[in-house]
Amino acid sequence: MKNITLKGITVALMLTFVVACKPKTEDVAIDKEQIKNEIQGMENKMAEMYNNRELIGEEYYANDAVSFSQNKPPLMGKLAIDKSIKDDLANFQKGNQIAFVANDVFPSSDGNQVVEIGSYRVSDSTSTAIYTGNYMAMFEKREGKYVCIRDMAASDRPKIEMKKEEPKEDKKK
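Our subject in this report is the structure included herewith.

Rules of the game
- Residues numbered from 1 in each chain as written.
- Predicted model: local features only at pLDDT ≥ 70, side-chain atom pairs only at ≥ 80, totals over all residues.
- Heavy atoms only, no water.
- Pairing = 2+ DSSP bridges.
- Helix = DSSP H or I, 4+ residues; strand = E, 2+ residues; numbered from the N terminus.
- Contact = heavy atoms within 4.5 Å.
- Axes fitted to C-alpha atoms, helices over the stretch in contact; angles between N-to-C directions.
- Salt bridge = Lys/Arg side-chain N within 4 Å of Asp/Glu carboxyl O.
- Buried < 20%, exposed > 50% of the residue type's maximum accessible area, 1.4 Å probe, protein only.

**Points about the sheet that holds strand 4 (residues 113-123)**
Here is step 1 of the chain: Within the open sheet, the six strands sit side by side as 2-1-6-5-4-3. Their pairing is mixed. Since the sheet does not close on itself, it has two edges, and those belong to strand 2 (75-76) and strand 3 (97-107), each with one partner.
Here is step 2 of the chain: Inspection of the sheet shows strand 1 (residues 61-68) paired to strand 6 (residues 145-155) by four bridges, in the parallel sense. Within strand 6, the residue paired with Tyr-61 across the bridge is Cys-148.
Here is step 3 of the chain: The strands touched by helix 2 (residues 32-52) within the sheet are strand 1, strand 3, strand 4, strand 5 (129-142) and strand 6, with strand 3 carrying the most contacts at an inclination of about 160°.
Here is step 4 of the chain: Contacting strand 1 and strand 2, helix 3 (residues 78-91) crosses the sheet at an angle of about 60° to strand 1.

**Points about the pattern of salt bridges**
Here is step 1 of the chain: Summed over the entire model, instances satisfying the criterion amount to seven salt bridges.
Here is step 2 of the chain: Salt-bridge contacts for Arg-142 lead to Asp-64; the nearest nitrogen and oxygen are separated by 2.9 Å. In this pair, Arg-142 sits in strand 5 while Asp-64 sits in strand 1, placing the two residues 78 residues apart along the sequence.
Here is step 3 of the chain: Using a relative accessible area of 29% as the deciding quantity, one classes Arg-142 as partly exposed.
Here is step 4 of the chain: Here Asp-64 falls in the partly exposed class, since its relative accessible area comes to 42%.
Here is step 5 of the chain: With its nearest N and O atoms 3.3 Å apart, the salt bridge here joins Lys-83 to Asp-87. In this pair, Lys-83 and Asp-87 are both assigned in helix 3, four residues apart and thus about one turn of the helix distant.
Here is step 6 of the chain: The exposure class of Lys-83 is exposed, given its relative accessible area of 51%.
Here is step 7 of the chain: When salt bridges that share partners are traced, they join Asp-64, Glu-140 and Arg-142 into one network.

Remember that the coordinates give geometry; whether it matters functionally is a separate question.
What follows is the structure, given as structure tokens:
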């Protein structure tokens, strides 16, 4: 009987010790609106870069970012993404303007990662929409600021059907 009581006390003390030594998790107050405003500011800078047609001070993407676009293989790393942006800028018609809107953000419980759901609109010089689309971006806080580590976009343009060639008749008949 003494052994059972002693074992019970020992187990209770060990459980108490384990619970007492468990690291306390601090609740971090997440200000979703502040994060959304910060992400929107980054989107505004990206739009300004496109609208000015110059890749200057692009701090949107992390060095190890991956970007997924329609009809392209994934762009791996900031250098590949920057090259693609330069190509886009060279083909971005003069007078056209782009705008990005952070529609919603979903921060992690500690605020170190954020998923953004957004939309974009490309307009001509008369502010008439040429095309629109949607995107998702994942940001990670590094050295105190958010950088995009993954993104993907999809245009709302209808798919262009390719003409099917008629089979050629065999002329040897």
